[in-house]
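Now for the letters of each chain:
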Amino acid sequence: MRFTSALVASALAIGASAGKNYLGFNSGATFPDRSAKFKADFEAEFKTAQGLEGAPGKFNAVRLYTNIQAYSQDDPIQAFDAAVGTQTSMLLGVWASGTDNIDKEISALKKAVAKFGSKFTDLVIGISIGSEDLYRNSVTGVKNKAGVGNSPEALVGFIKDFKKAFADNPLGKVPVGHVDTWDVWPNATNKAVLDAIDWVGVDEYPYYENDKGNNIKNAGSLFDRAYDATIAAANGKPVWVTETGWPVTGPDWDEAKASVENAKYYWDEVGCRRLFNKTPTFWYTLRDSNPENTMKFGITKDLSTKPLFNLTCPSTFDTKPKSASESSKRTPSATDKPTGTGSLSTGMTTATATATSGSGSGSGSGSGTSSGTATNTGGSAAATTGAAKSGAGTVQKVSAAVYAGVVVAGAYALL
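For the structure given in this document, a descriptive report is provided here. (Residues numbered from 1 in each chain as written. Predicted model: local features only at pLDDT ≥ 70, side-chain atom pairs only at ≥ 80, totals over all residues. Heavy atoms only, no water.)

As for its placement among the helices and strands, R273 is situated in helix 11 (residues 260-275). Apart from residues no more than four positions distant in its own chain, R273 is found in contact with G220, D224, D268, K278, F317 and T319. (Helix = DSSP H or I, 4+ residues; strand = E, 2+ residues; numbered from the N terminus. Contact = heavy atoms within 4.5 Å.)

In structure tokens:
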């Protein structure tokens with residue numbers, strides 16, 4: 001029986017979610033000093049992730065935000081070399097904010113396929129066209145000065161461009177998705193994107209759920225509420241958790257307090273209870289990169305395989321599942337005033353803290369190309385000073401200052 005590429009992609013997407021489930025971390029393209037990461041740097045991250053003591057499985061996957069090596073035009077990011085050498089599965093990212101094309105992302109990826117062949121393509125488990133572009137393009141994102149995003153129409157166009165470019169390529173069989181904050185997905189204005197993808201990526205941070213009792217003991221319930229709303233909106237498509245975590249250090253955020261103890265509790269109540277080995281999960285994060293972020297999420301110090309807290313999962317949990325009657329009483333809708341889930345990918349703009357309610361992220365990562373387009377300049381860690389958490393709500397105000405090294409030969413890295 002002959003299968004179309006669309007059917008194959010759909011089957012692969014379902015298989016990745018319902019069959020083998022991946023454990024990984026997020027990783028951007030630069031260090032805290034904004035210098036580029038190279039092969040050895042990515043290798044060190046991937047080896048640490050795979051060797052973490054007490055982990056509830058092997059963290060041998062990584063989520064990348066761009067295919068382009070930092071500060072190059074369209075050279076493949078050297079994370080690819082490291083992944084091939086360490087057999088690390090990859091969720092690839094195509095940067096889509098603040099640009100009218102993804103040509104250089106496509107070019108870099110084609111170069112990687114030509115260089116590595118099946119050694120590379122066999123490790124690619126998914127491709128995300130964009131990261132929180134819809135949030136940045138929303139009324140809330142504009143109000144919060146979260147940076148330049150992109151429209152649903154543009155993203156659908158990019159998805160079509162990508163699929164056309166790789167129609168006769170092994171990557172044409174890899175499921176294509178989009179990553180955004182949970183409140184984006186129930187919004188009917190974004191339905192065209194949902195219809196165009198094979199899987200849904202969600203970024204969710206209860207830490208930033210202002211005005212909702214966001215103390216650590218409620219974190220599991222807050223996560224469940226947003227995660228379940230995403231699953232409902234996905235209409236049967238697999239949901240991958242692409243960012244979540246709790247800071248180990250940093251200032252209070254409403255009722256939320258950053259600490260190693262709370263990060264461990266969140267790991268248990270959200271990761272162990274709900275996610276690990278159940279759905280593809282990319283934790284935020286193995287190590288921090290952004291010096292401007294006052295909240296630090298890295299679970300290791302100096303890439304030690306001995307983490308800051310015990311990664312072993314408990315046998316019992318505090319968070320109790322809602323009854324059917326409770327779940328039917330209230331499901332978050334796109335018209336709710338959102339406050340706090342967020343994501344912190346790899347921001348390349350600075351931010352100042354004006355904490356009110358807010359979900360969101362600052363996923364501005366990428367390549368620092370020398371084109372005049374608003375492509376990203378990578379960074380593998382928290383996105384702004386505790387800030388620009390994507391999704392909804394009032395997040396920290398992004399200042400006009402740009403990361404040093406972001407403007408490289410006319411290229412702008414945007415949140």
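Moving on to the nonpolar core. Ranked by size, the top nonpolar core spans 88 residues in total, and within it F80, M90, L92, F120, F162, W267 and I299 carry the most contacts. If sequence neighbours within four positions are ignored, W267 has contacts with P56, F59, C272, F276, W283, I299, F309 and L311. Judged by nonpolar contacts, the second largest core, of eight residues, contains Y22, L91, V179 and F282. (Core = buried A, V, L, I, M, F, W, Y, C linked by side-chain atoms within 4.5 Å. Buried < 20%, exposed > 50% of the residue type's maximum accessible area, 1.4 Å probe, protein only.)

Here helix 4 (residues 103-116) is 14 residues long and its end C-alpha atoms lie 20 Å apart, about the 20 Å a rise of 1.5 Å per residue gives. Looking at helix 4, one finds that the buried residues are E105, I106, A108, L109, A112, V113 and F116. The arc that holds every buried residue of helix 4, seen down its axis, measures 165 degrees, which confines them to one face. Away from the buried face of helix 4 by more than 90 degrees, exposed residues D103, A114 and K115 are located. Elements in contact with the buried residues of helix 4: helix 3 (79-86), strand 3 (89-94), helix 5 (118-121) and helix 8 (152-165). Remark: G117 follows helix 4 within two positions and exhibits a positive phi of approximately 60 degrees. (Expected span 1.5 Å × (residues − 1). Arc of directions from axis to C-beta.)

It is worth spelling out the pattern of salt bridges at this point. Taken as a whole and assessed by the stated rule, the structure comprises 14 salt bridges. Its salt-bridge partner being R274, residue D224 comes within 3.0 Å of it at the nearest N-O pair. Pair noted here: D224 is in helix 10 (residues 219-234) and R274 is in helix 11, with a separation of 50 residues, a long-range link. With relative accessibility at 10%, the residue D224 sits in the buried group. The salt bridge partner of R274 is D228, with a shortest N-O separation of 2.7 Å. Taken as a pair, R274 in helix 11 and D228 in helix 10 lie far apart in primary sequence, 46 residues in all. Exposure remark for R274: the relative accessible area of 21% places this residue in the partly exposed category. Accessibility expressed as a relative area gives 36% for D228, which makes it partly exposed. Among the ionic contacts, a cluster of salt bridges with common partners joins D224, D228, R273 and R274. (Salt bridge = Lys/Arg side-chain N within 4 Å of Asp/Glu carboxyl O.)

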